[in-house]
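Next come the chains, spelled out residue by residue.
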Amino acid sequence: MSIRKTIFDSMSMSSVGVMRLLAQFLAIPILARILSPADYGIVAIAFSFVMFANMIADAGISMSLVRTPIENRKEWSTCFWLSLILGIILTIIMLVSAPFAAMLFDEKELSPIIMGLSAVIFMQSIGSVYGAAMMQAEKFKFIAITETISILTSIGVAVFTAQHGFGAWALVFQQLSLYFIRTMLTVIFSPFKPQIIFNIKNVSEHIVFARDILSFNVISFLTRSLDNLIIGKVMNTVAVGVYSMAFQFARLPMTLLAGPIQSVFYSKMAKVKDDKHAIRKIFLIITRILATIIFPAMGMVAVAHNAVFTLLLSDKWQESGRIFMLVAAVTALQAVMNLLCNTVRMALGHTGNQVRQTIEQGIIWIITMFSTIWFGLDALVISYSVVFLLYSPRILMLTLPFIDCSFKDYINAIVTPIIVTTVCIIIYIALLDMFQMSIIIQFAAATALAAVGIMASLLLQYSVFRNEYRLMKNNN
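In this text, all values refer to a predicted model and were calculated from it rather than measured experimentally. (Residues numbered from 1 in each chain as written. Predicted model: local features only at pLDDT ≥ 70, side-chain atom pairs only at ≥ 80, totals over all residues. Heavy atoms only, no water.)

Colleague: Explain the overall build of the protein here, please?
Modeller: Check the secondary structure of the protein and you find 19 helices and zero strands. Within the span of the protein, comprising 476 residues, buried residues form 57% of the whole. Long-range pairs, those at least 24 residues apart, make up 85% of the contacts in the protein between residues at least 6 apart in sequence. Of the roughly 20,000 Å² of accessible surface on the protein, a fraction of 69% belongs to carbon and sulfur atoms. (Helix = DSSP H or I, 4+ residues; strand = E, 2+ residues; numbered from the N terminus. Buried < 20%, exposed > 50% of the residue type's maximum accessible area, 1.4 Å probe, protein only. Contact = heavy atoms within 4.5 Å. Areas by Shrake-Rupley, 256 points an atom, 1.4 Å probe, with all protein chains shown as cover.)

Colleague: Which parts of the structure should I look at to understand the side chain of Thr372?
Modeller: Residue placement: Thr372 occurs in helix 15 (residues 351–372). Separated by 3.2 Å, the side chains of Thr372 and Ser383 make a polar contact. With sequence-adjacent residues up to four places away left out, Thr372 is seen in contact with Ala379, Leu380 and Ser383. (Polar contact = N/O pair within 3.5 Å; in protein donor to acceptor, adjacent residues only side chain to side chain.)

Colleague: Would you explain unusual backbone geometry in this entry?
Modeller: Negative phi characterises most residues that are not glycine, and trans characterises most peptide bonds. A positive phi is found at Asp106, a non-glycine position, where the angle reads about 55°. Examined against the element boundaries, Asp106 turns out to sit in the loop between helix 4 (73–105) and helix 5 (110–117). One non-glycine residue, Asp404, lies in the positive phi region at around 55°. Along the polypeptide, Asp404 turns up in the loop between helix 16 (377–397) and helix 17 (407–434). Residue classification places Asp404 among the exposed positions, given a relative accessible area of 56%.

Colleague: Could you clarify how one ought to interpret helix 10 (residues 237–250) in this entry?
Modeller: Because the α-helix completes a turn every 3.6 residues, residues three or four places apart line up on one side. Here helix 10 is 14 residues long and its end C-alpha atoms lie 19 Å apart, about the 20 Å a rise of 1.5 Å per residue gives. Counting buried positions along helix 10 gives 12 out of 14 residues, so the element sits mostly inside the fold. Listed as buried for helix 10 are Thr237, Ala239, Val240, Gly241, Val242, Tyr243, Ser244, Met245, Ala246, Phe247, Phe249 and Ala250. (Expected span 1.5 Å × (residues − 1).)

Colleague: What is the right way to read the packing of helix 10 against helix 16 from this model?
Modeller: In contact at an axis separation of 12 Å, helix 10 and helix 16 are set at 35° when each is read in the N-to-C sense. Crossing hand, helix 10 versus helix 16: right-handed. Contact residues: helix 10 offers Ala239, Val242, Tyr243 and Phe247, while helix 16 offers Leu377, Leu380, Val381 and Tyr384. (Axes fitted to C-alpha atoms, helices over the stretch in contact; angles between N-to-C directions. Left-handed = near helix turned anticlockwise from the far one by under 90°.)

Colleague: Just checking my understanding: could you explain the nonpolar core for this structure?
Modeller: Considering soluble globular proteins, one finds that nonpolar side chains tend to be buried as a cluster. Counting 115 residues, the largest nonpolar core has Leu110, Phe249, Phe283, Leu313 and Phe324 as its most contacted members. Here the element with the most residues in this core is helix 14 (residues 318–348); it accounts for 14 residues. For Phe324, the contacting residues outside a window of four places in its chain are Ala246, Phe249, Ala250, Met298, Val301, Ala302 and Phe309. (Core = buried A, V, L, I, M, F, W, Y, C linked by side-chain atoms within 4.5 Å.)

Colleague: Help me understand helix 16 in this model?
Modeller: The end-to-end C-alpha distance of helix 16 is 31 Å, a good match for the 30 Å that 21 residues give at a rise of 1.5 Å each. Turning to helix 16, its buried residues number three or more, namely Leu377, Leu380, Val381, Ser383, Tyr384, Ser385, Val387, Phe388, Tyr391, Ser392, Ile395 and Leu396.

Colleague: Explain the side chain of Ser177 here, please?
Modeller: Within the secondary structure, Ser177 is located in helix 8 (residues 169–189). A polar side-chain atom of Ser177 sits 3.0 Å from the main-chain carbonyl oxygen of Gln174.

Colleague: For this particular structure, what's the right way to read the state of the cysteines?
Modeller: Each disulfide is one covalent bond, formed between the sulfur atoms of two cysteines. One pass over the structure, following the stated rule, counts zero disulfides. The cysteine Cys341 is free of any disulfide, with Cys405 supplying the nearest cysteine sulfur at 9.1 Å. Residue Cys341 is classed as buried on the basis of its relative accessible area of 0%. (Disulfide = S-S within 2.5 Å.)

Colleague: Would you explain the packing of aromatic side chains in this entry?
Modeller: Note on aromatic pairs: each is described by the distance of the centres and the angle between the planes. Taken as a whole and judged by the stated rule, the model has 15 aromatic pairs. Between Trp76 and Phe192 the ring centres are 5.9 Å apart and the planes differ by 40°, which places this aromatic pair in the tilted class. Placement of the pair is Trp76 in helix 4 and Phe192 in the loop between helix 8 and helix 9 (204–234), with a sequence separation of 116 residues. Through a chain of ring-to-ring contacts, three or more aromatic side chains come together here, namely Trp76, Phe80, Trp81, Tyr130 and Phe192. (Phe/Tyr/Trp six-rings, centres within 6.5 Å; stacked < 30°, edge-to-face > 60°.)

Below, the structure written as structure tokens:
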């Protein structure tokens with residue numbers, strides 16, 4: 001595994017996240033001022049249904065194919081047609097069930113929105129295998145180009161339609177344009193071309209893999225998206241909008257950094273799955289890098305949430321800022337821990353452990369959610385944080401033994417950024433007590449301290465980064 005190429009590929013994918021962040025910093029304030037929390041809420045409810053069907057349509061088959069040489073056309077073509085058939089069936093089911101969902105939530109506008117978003121399922125079923133071929137061939141530069149074009153186009157569509165009075169449909173058009181452009185470019189760039197071959201016996205291994213991944217994804221969906229549906233039913237679409245906006249910010253680290261890096265390292269880990277030592281080194285250094293960047297950034301946004309959300313989104317989103325503050329620490333840890341642990345287990349073929357973890361965590365969270373939703377959003381998000389923090393050692397127990405990594409090694413990889421972030425938060429609070437600062441100055445101070453925190457973490461760990469990089473390079 002070439003370290004230089006690995007870093008370059010990771011930078012290519014992460015650059016997409018940086019670009020997305022910059023684009024969202026321009027687009028979200030515009031959309032948040034034009035659209036209401038109810039607009040965001042009703043689309044969040046509709047998209048929960050669509051993403052559930054979207055997840056079943058692929059079922060993890062594309063991720064399994066990454067481990068198979070693309071020259072094996074029979075397996076790849078069969079998986080493509082299987083994914084397409086599932087996508088068509090699920091799109092039809094979504095169209096038929098949309099009116100019943102609207103009746104359940106007593107929201108007439110929900111039905112046409114679900115119908116409109118159902119096209120996403122069909123487009124994703126076309127592009128998933130093409131995308132897997134690009135990952136398998138390590139065409140990360142083209143993946144980055146595809147993501148960049150589709151993101152910028154979709155944001156432009158959303159802003160244009162919102163300004164012209166389309167309301168919640170601006171967010172629908174954003175998703176439709178995103179998936180359409182992404183699918184079209186993925187088909188163009190991908191080395192895979194389907195053949196008229198369909199033999200289910202050729203893909204039995206992928207179906208078994210997909211079964212475990214689907215089980216994992218279904219339960220993950222319930223733990224991530226069921227809350228939107230329950231809030232919409234127990235409270236209202238405004239509460240869903242407030243909650244979903246908070247989590248849109250809270251999950252930015254996963255989208256911007258951890259997700260792209262996972263895409264790169266899954267394909268590479270799968271190719272060296274028998275070398276536990278190499279995987280452990282990669283796992284720890286990427287954990288250290290993610291913690292160094294994510295913890296200070298999330299910590300400062302959390303402590304300065306009032307200034308950040310007011311300045312970026314307007315006063316009507318201050319409640320979202322408070323919700324963000326309550327979950328920031330946990331979602332930052334999730335971005336560092338969950339995705340990399342899942343990547344390691346998938347690459348090593350231990351998908352059963354993923355299912356076990358997700359079932360355990362999902363049951364605990366669902367019980368907790370139904371117990372706390374009646375006490376308001378604050379109680380719900382606090383319980384979310386507590387559940388994950390208490391369960392996080394279990395996640396490590398189900399992962400670290402496979403790569404001969406100790407708890408001490410893992411804690412050493414994240415402890416410095418945690419300490420630095422805590423110091424930056426204390427400094428910010430002290431500055432607020434000492435000086436009268438406008439919202440703009442508060443925002444600037446938080447931004448500066450986040451940058452200082454990242455640089456301080458890098459400098460304090462410089463010798464560790466250098467030594468780990470040399471060890472990884474010498475092993476190639």
